[in-house]
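Letter by letter, the chains look like this.
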Amino acid sequence: MTIKPLIILPDPILRQVSKPVERVDSEIRKLAEDMLETMYDAPGIGLAAVQIGVMRRMLVIDLSKEGDPKEPQVFINPEILASSDDRSVYEEGCLSIPDYYAEVERPATVTVKYLDANGVEQTVEADGLLATCLQHEIDHLNGVLFIDHISRLKRDMVIKKFTKAARTKATI
Ligand SMILES: [Zn+2]
């Protein structure tokens, strides 16, 4: 397992649409392991492949509490089949937008179809934090970031801040 460097805002890679995984093979399982390792190291509770620069429709999530046994979950080619009209609000953050948090409103429950790490089709009806996390990560596969769900004023401020930071880093 390898910890990969994270892609950070405003890298244009984050705005690209990821391609479906055609076959769940050993290469894909290795990628899932690298993604989990990178997520645990960060640390974070969710990571999409695009965040380590791999344009594949794949994400990993672990919502276990600190100190409890790990509960890694791998979602390949995830697809939202249904979303509830009920909404819920969570304070979200993103490993590609470090140290920035904002409240985001999303459907409270989603039904998601996906392939697991064995290539077996599964369907989950998710609510609570899992519902929010799945929607946040699936957005990544479509080039969408959680800051796209906040006010334009706040979004522009964040993008400006990260663009300036990236430029400073580049000159040094
Ligand atoms: Zn994210």
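Here the residue index of a chain counts from 1 through its sequence in written order. Note on the predicted model: pLDDT of at least 70 is required for a residue's local features to be given, and 80 or more for side-chain atom pairs to be given and counted; whole-chain, interface and lining totals, by contrast, use all residues. Side-chain numbers come from the whole structure's heavy atoms, not from hydrogens or water.

Peer 1: Before we move on, can you summarise the coordination of the zinc ion with the specific residues and values?
Peer 2: A 2.8 Å cut-off from the metal defines N, O and S donors, relaxed to 3.2 Å for Na, K and Ca; water is not in the atom list, so some sites may appear incomplete. Bound to the zinc ion on the protein side are C94 (SG), H136 (NE2) and H140 (NE2), at distances that span 2.1 to 2.3 Å. Mapping the donors of the zinc ion onto the primary sequence yields the spacing C-x41-H-x3-H. Here the residue H136 and the residue H140 both occupy positions in helix α2 (residues 128-141), the gap between them amounting to four residues, near one helical turn. For every residue, the accessible area obtained with a 1.4 Å probe (protein chains only) is divided by the maximum for its type, and the residue is called buried under 20%, exposed over 50%, and partly exposed between those limits. On the accessibility criterion, H136 (7% relative accessible area) is buried. Secondary structure is summarised from DSSP: a helix means a run of H or I of at least four residues, a strand means a run of E of at least two, and numbering begins at the N terminus for each.

Peer 1: Tell me about the nonpolar core, and name the residues and values.
Peer 2: Residues belong to a common nonpolar core when they are buried Ala, Val, Leu, Ile, Met, Phe, Trp, Tyr or Cys residues joined through side-chain atoms within 4.5 Å. By size, the foremost hydrophobic cluster in this structure holds 17 residues, and its most contacted members are L59, I61, F75, V112, V124 and L134. Among the secondary structure elements, those contributing two or more residues to this core are β2 (58-61), β6 (110-115), β7 (121-126) and α2. The element contributing the most residues to this core is α2, with six residues. Residues count as neighbours in contact if any of their non-hydrogen atoms are within 4.5 Å of one another. Those residues in contact with F75 that sit more than four places away from it in its chain are R57, M58, L59, I61, Y114, L115, V124 and L134. Judged by nonpolar contacts, the second largest core, of 16 residues, contains L31, A32, L47 and A49.

Peer 1: Could you give an account of the sheet that holds β6, with specific residues and numbers?
Peer 2: Paired strands, as defined in this entry, are two strands with at least two bridges between them according to DSSP. Strand order across the open sheet formed by five strands is β1-β2-β3-β6-β7, with antiparallel pairing between neighbours. The sheet is open, and its two borders are formed by β1 (46-48) and β7, each paired with just one other strand. Sheet twist, expressed as the average angle between the axes of neighbouring strands with direction ignored, equals 40°. In this sheet, β7 lies alongside β6 in antiparallel orientation, the contact comprising six bridges. Considered in β7, the bridge of V110 is made with A126. For helices, the fitted axis covers only the stretch in contact; all axes are lines through C-alpha atoms, and the angles between them, taken along N-to-C directions, range from 0 to 180 degrees. Across the sheet, α2 lies against β1, β2, β3 (73-83), β6 and β7, angled at about 150° from β2, the strand it touches most.

Peer 1: Explain the packing of aromatic side chains to me, and be specific about the residues and the numbers.
Peer 2: Centre distance within 6.5 Å is the pairing criterion for rings of Phe, Tyr and Trp, where only the six-membered ring of Trp is used; planes under 30 degrees apart are then read as stacked, over 60 as edge-to-face, and the remainder as tilted. One pass over the full model with this rule turns up two aromatic pairs. Residues F75 and Y114 carry aromatic rings whose centres are separated by 4.5 Å and whose planes lie at 55° to one another, so their mutual orientation is tilted. Within this pair, whereas F75 is found in strand β3, its partner Y114 is found in strand β6, the two being separated by 39 residues in sequence. The exposure class of F75 is buried, given its relative accessible area of 1%. When its relative accessible area of 13% is taken as the criterion, Y114 is described as buried. Note on criteria: charge over ring means Lys NZ or Arg CZ within 6 Å of the ring centre, with the direction from the centre no more than 35 degrees off the ring normal. Positioned above the aromatic ring of Y40 is the side chain of K70, whose terminal nitrogen or guanidinium carbon lies 4.8 Å from the ring centre.

Peer 1: Tell me about the environment of L130, and please be specific about residues and values.
Peer 2: With respect to the secondary-structure elements, L130 resides in helix α2. Residue classification places L130 among the buried positions, given a relative accessible area of 16%. As a C-alpha pair, L130 and V110 span 20 residues in sequence and 9.2 Å in three-dimensional space. Leaving out residues up to four positions away in the same chain, L130 has contacts with I61, L63, Q73 and V124.

Peer 1: Lay out α2 with the relevant residues and their values.
Peer 2: With 14 residues, α2 extends 21 Å from end C-alpha to end C-alpha; this agrees with the ideal 20 Å at 1.5 Å per step. Every buried residue belonging to α2 is among L130, A131, T132, C133, L134, Q135, H136, E137, I138, D139, H140 and L141, and all of these are buried. One less than the residue count of a helix, multiplied by 1.5 Å, gives the span that helix is expected to have.

Peer 1: I'd love a proper account of the pairing of strand β4 (residues 87-94), names of residues and values included.
Peer 2: The side chains of a regular strand alternate between both faces of the sheet. Judged from the seven bridges that link them, β4 and strand β5 (residues 97-107) form a sheet pairing that is antiparallel. Bridge assignment links S88 to a residue of β5, and that residue is R106. Adjacent in sequence and paired antiparallel, β4 and β5 are bridged by two residues.

Peer 1: So, the pattern of salt bridges: which residues are in play, and what are the values?
Peer 2: For salt bridges, the criterion is a side-chain nitrogen of Lys or Arg within 4 Å of an Asp or Glu carboxyl oxygen. Under the counting rule described, the total for this entry stands at eight salt bridges. The residue R87 makes a salt bridge to E105 at a minimum N-O spacing of 2.8 Å. Separated by 18 residues along the polypeptide, R87 in strand β4 and E105 in strand β5 bring together distant segments of the chain. A relative accessible area of 44% means that E105 is categorised as partly exposed. Put simply, R152 and D156 hold a salt bridge, and the shortest N to O gap is 3.6 Å. Taken together, the positions of R152 and D156, both in helix α3 (residues 152-171) and four residues apart, correspond to about one turn of that helix. The exposure class of R152 is exposed, given its relative accessible area of 59%. Judged by relative accessible area, which is 38%, D156 ranks as partly exposed.

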